[in-house]
Amino acid sequence: MQQPPSSEPIVSLRDVQKSFGPLLVLDGVSFAVERGEVLALIGRSGSGKSTALRCIDRFEKVDGGEIVVCGHRVDRPDVDLRALRQDVGIVFQSYNLFPHLTIEQNITLAPCAVKGLAASQAKDLARKVLAQVGLEEKLHAYPEQLSGGQQQRAAIARSLAMQPKVMLFDEVTSALDPELTAEVLKVIEQLAADGMTMVMVTHEMGFAKGIADRIVFMHRGKVHETGPASILTTPTTPELTQFVGTGNLKS
Amino acid sequence: MGGHLNINHLMFLGQGALWTIGLSVIALIGGGIVGFAIALARISPLKSVRIASAVYVQLIQGTPLLVILFLGYFGLAAIGLKVSSLTAAGASLTLYVAAYLGEIWRGCIQSVPKPQWEAAEGLALSRIQRMMKVILPQAIRIATPPTVGFMVQIVKNTSLASVVGFVELMRSGQIVNNSLFEPFAIYAIIAVTYFAMCYPLSLFSQKLERRMGRGRSNLAPA
C-alpha cells in the first residue's frame, strides 16, 4: 500500500453517518488525525465516541460519509481489511489477550502468521515490545497470571509488534483501578513521546488534558466541540462545560 | 430348546460387542469429520451455506435414528445401490452423529467470547488463521465434555443397527436367544456389557467437566 504524502492526515472522517437500527449514533462526524498527533475522543456514554473509533478499524460499517485511514478507503465495501489492520493497531477495554497462549505467543502470533516473520526474529521482537511496556519478565506467563494492568500493557505490546502506523485505544483503562490505570497511562505517554499517532477514547480527563494534542468532544452523535487540550479548561459550549465539570468531580 | 449358555455363546456375544465398538468408532470418526464441516457451515459468512446446514441439522434431528437406518438400508437398495448392512449402518450413523456434533460444536465455537474474534481480526489474521489459532483451541476445551458425553449416546444408539441385520451386540444377543430362549439372562448380559462400555466414558466426561470447571477462568479474559 502506498504511503500517503506527509501532508495527508493519517486518519480522516468526513460526514460519517452510522445507525444501529432506528438509533442514529453518528450524525455527520468529521475529524482528522495528523501524523504523530494524539487525539482524544471524549463524551458521555452513548455519545458515539466508541463507535467512531471502531469505524476507523472497520469493526463497524458506516452508512454514509468517507473514512480514509493510511490511504485505505475504509468506507468502501472492497477495502482490503487485512492491509488496513496491519496499519492500524487497536487496544480494547477488556484487553482480549488470547488465554490459551503465553504472552510471548500472543505477541508473536500475528507477526509470524501475517507478516511471515521467522520464529527467532519474532521472539526478539516480543522481547523488544515487552521491554517497551516494562514486562520483559512476563514473556512465558499466561494472561491469567497477570494483573489487569499488566494484561493491558501486554495487549499494547502485542499491538505494537505489528508496527502499526496509528494506534486506537478504546477506553483501555476503564476496567482498571487507579493504580493500575496509572501504569497503563505511563506506557501510553511514552508511546506519545516516541511520536506514535494515536486516537483514544478515554474517560480520564486529566490524562487527556496532559497528553492529547487535540480533543474531540462528542455529543449525541455529533462533534460538538473540538480544539487543543485547553478547551477542557475553558470550554465554550454549555455541554462541554457540564461534561468537564462532572468529569472533574469524578477525578 | 438348544441347551445351555456356553462359552461359544459368550464368544459370539463378545464378537457382537466388538462390532458395537467398531460401529461406534466409525460413527464418531465419520460423524466427527462431517460434523466439523457442519459446525463451520453453520457459522459461514455465506447465508446460503448457513441455511443449507441448518436445514440438514433440523431434518436429521427431527427424524428417529431408526427411520434413518431403514432409509439408508432400504432406500439405497430401492435406487439400485446394494449396500452391506455395515455400510448402511455406518453411513446412517455418520449422518446422524454429524447433525448433533455439528450443533454441539457450533455452540462451543460461538461461546468463545466475541472480543476474542475482534482481537484476532484487529491483528490482521485471516479468517482461517483466526479460526485455527485463536478460536478453535479455545472452543475445543469447551467442547470436550459435551462431546465425550454424546459418545455415550452413540454407543447405545448403535444397538438400533440390529434392525438392518448388522450383527452387533444387540443383534448377536437376539440370535443367541433364538437358540437358547433364555431372554432375561441374555439381555441382562447385554445390558451389563453396554454399561461396561458406557460407564468409563461417563466417568471420563465427568472428570473432564470438573477439570474444565477449574480452568474456566482461562477461557474469558478477567
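Check the entry above for the structure.
Turning our eyes to something else, we now look at the sheet that holds strand S4 (residues 64–69) of chain A. Residues and elements named next belong to chain A. As summarised here, the arrangement of the four strands in space is S2-S1-S4-S5, forming an open sheet in which the pairing is antiparallel. Every other strand in the sheet has two partners, leaving strand S2 (23–33) and strand S5 (72–73) as the edge strands with one partner each. Across five bridges, strand S1 (residues 11–20) lies against S4 in antiparallel orientation. Paired with Val-11 across the two strands is Val-69, which belongs to S4.

A word on the environment of Gly-102 of chain B. All names here are of chain B. For Gly-102, the location among the structural elements is in helix H4 (residues 85–110). With 68 residues separating them in the primary sequence, Gly-102 and Val-34 have C-alpha atoms 7.7 Å apart. For Gly-102, the contacting residues outside a window of four places in its chain are Gly-35, Ile-38, Ala-39 and Val-97.

To continue, consider helix H1 (residues 49–56) of chain A. All names here are of chain A. Most of H1 is tucked away: seven of the eight residues are buried. Those residues of H1 that sit buried are Lys-49, Thr-51, Ala-52, Leu-53, Arg-54, Cys-55 and Ile-56. Positive backbone phi, at 55°, marks Arg-58, one or two positions downstream of H1.

What follows deals with a nonpolar patch on the surface. A cluster of nonpolar side chains, Leu-18, Ile-21, Val-25, Ile-29, Ile-33 and Val-34 of chain B, forms an exposed patch at the surface whose accessible area comes to about 540 Å². Its relative accessible area of 31% is what places Val-34 of chain B among the partly exposed residues.

Looking now at helix H6 (residues 178–193) of chain A. Since one α-helical turn is 3.6 residues long, residues separated by three or four positions face the same way. Residues and elements named next belong to chain A. Over its 16 residues, H6 extends 22 Å from the first C-alpha to the last, a length consistent with the 22 Å expected when each residue adds 1.5 Å. When H6 is considered as a whole, its buried residues turn out to be Leu-180, Thr-181, Val-184, Leu-185, Val-187, Ile-188, Leu-191 and Ala-192. Along the long axis of H6, the arc covered by the buried residues comes to 155°, so they all point the same way. More than 90 degrees from the buried face of H6, the exposed residues found are Pro-178, Glu-179, Lys-186 and Ala-193.

So, on to the interface of chain A and chain B. Contact residues are listed per partner, giving 24 residues for chain A and 21 residues for chain B. In total, chain A and chain B occlude about 2000 Å² of area from one another, counting both sides; carbon and sulfur atoms represent 60% of this. Where chain A meets chain B, there are two salt bridges. Between Arg-54 of chain A and Glu-118 of chain B there is a salt bridge whose closest N-O contact spans 2.7 Å. Applying the counting criterion to the chain A and chain B interface returns eight residue pairs in polar contact (both at pLDDT 80 or more). Those elements that provide at least two residues to the side of chain A that touches chain B are helix H2 (81–87), strand S6 (88–91), helix H3 (103–115) and helix H5 (148–160) of chain A. Looking at the side of chain A that touches chain B, the element that brings in the most residues is H3 of chain A, giving four residues. Residues of the side of chain A that touches chain B, tallied by class, amount to 13 nonpolar, five polar and six charged.

With 71 residues, the main nonpolar core has Phe-31, Leu-41, Val-69, Val-166 and Val-199 of chain A together with Ile-109 of chain B as its most contacted residues. Broken down by element, the residue count for this core peaks at nine residues, all from H4 of chain B. What Val-166 of chain A contacts, discounting residues up to four positions off in sequence, is Ile-10, Val-11, Val-69, Cys-70, Asp-87, Val-88, Gly-89, Thr-197 and Val-199 of chain A.

Next up on the list: the pattern of salt bridges. Residues and elements named next belong to chain A. Applying the stated criterion to the full structure yields 15 salt bridges over all chains. In this structure, the salt-bridge partner of Glu-66 is Arg-14, at a minimum N-O distance of 3.5 Å. A residue pair is termed long-range when its members are at least 10 positions apart, and Glu-66 in strand S4 and Arg-14 in strand S1 qualify at 52 residues. The class for Arg-14 is exposed, based on a relative accessible area of 51%.

Within the structure shown, the criterion is met by eight aromatic pairs over all chains. Relative to Phe-92 of chain A, the ring of Phe-59 of chain A has its centre 6.0 Å away and its plane inclined at 65°; by these criteria the two rings are edge-to-face. In this pair, Phe-59 of chain A is assigned in the loop between H1 and S4 and Phe-92 of chain A in the loop between S6 and H3, connecting sequence segments 33 residues apart. Overall, the relative accessible area of 6% leaves Phe-92 of chain A in the buried class. Ring geometry for Tyr-100 of chain B and Phe-150 of chain B: centres 5.7 Å apart, planes at 25°, overall stacked. Of this pair, Tyr-100 of chain B sits in helix H4 while Phe-150 of chain B sits in helix H6 (residues 127–157), placing them 50 residues apart in sequence. What makes Phe-150 of chain B buried here is its relative accessible area of 9%. One aromatic cluster in this structure is built from Phe-70, Tyr-73 and Phe-74 of chain B. Directly above the ring of Phe-59 of chain A sits Arg-85 of chain A, whose terminal nitrogen or CZ lies 4.6 Å from the centroid. The ring of Phe-98 of chain A is capped by Arg-158 of chain A, whose NZ or CZ atom sits 4.4 Å from the centre of that ring.

So, how was this worked out
Residues numbered from 1 in each chain as written. Chains lettered and ligands numbered in written order. Predicted model: local features only at pLDDT ≥ 70, side-chain atom pairs only at ≥ 80, totals over all residues. Heavy atoms only, no water. Pairing = 2+ DSSP bridges. Helix = DSSP H or I, 4+ residues; strand = E, 2+ residues; numbered from the N terminus. Contact = heavy atoms within 4.5 Å. Buried < 20%, exposed > 50% of the residue type's maximum accessible area, 1.4 Å probe, protein only. Patch = residues over 30% accessible without salt bridge, like charges linked within 9 Å, V, L, I, M, F, W, Y side chains within 5 Å. Areas by Shrake-Rupley, 256 points an atom, 1.4 Å probe, with all protein chains shown as cover. Salt bridge = Lys/Arg side-chain N within 4 Å of Asp/Glu carboxyl O. Expected span 1.5 Å × (residues − 1). Arc of directions from axis to C-beta. Buried area = accessible area lost by both parts, 1.4 Å probe. Polar contact = N/O pair within 3.5 Å; in protein donor to acceptor, adjacent residues only side chain to side chain. Nonpolar A, V, L, I, M, F, W, Y, C, P; charged D, E, K, R; others polar. Core = buried A, V, L, I, M, F, W, Y, C linked by side-chain atoms within 4.5 Å. Phe/Tyr/Trp six-rings, centres within 6.5 Å; stacked < 30°, edge-to-face > 60°. Lys NZ or Arg CZ within 6 Å of the ring centre and 35° of its normal.

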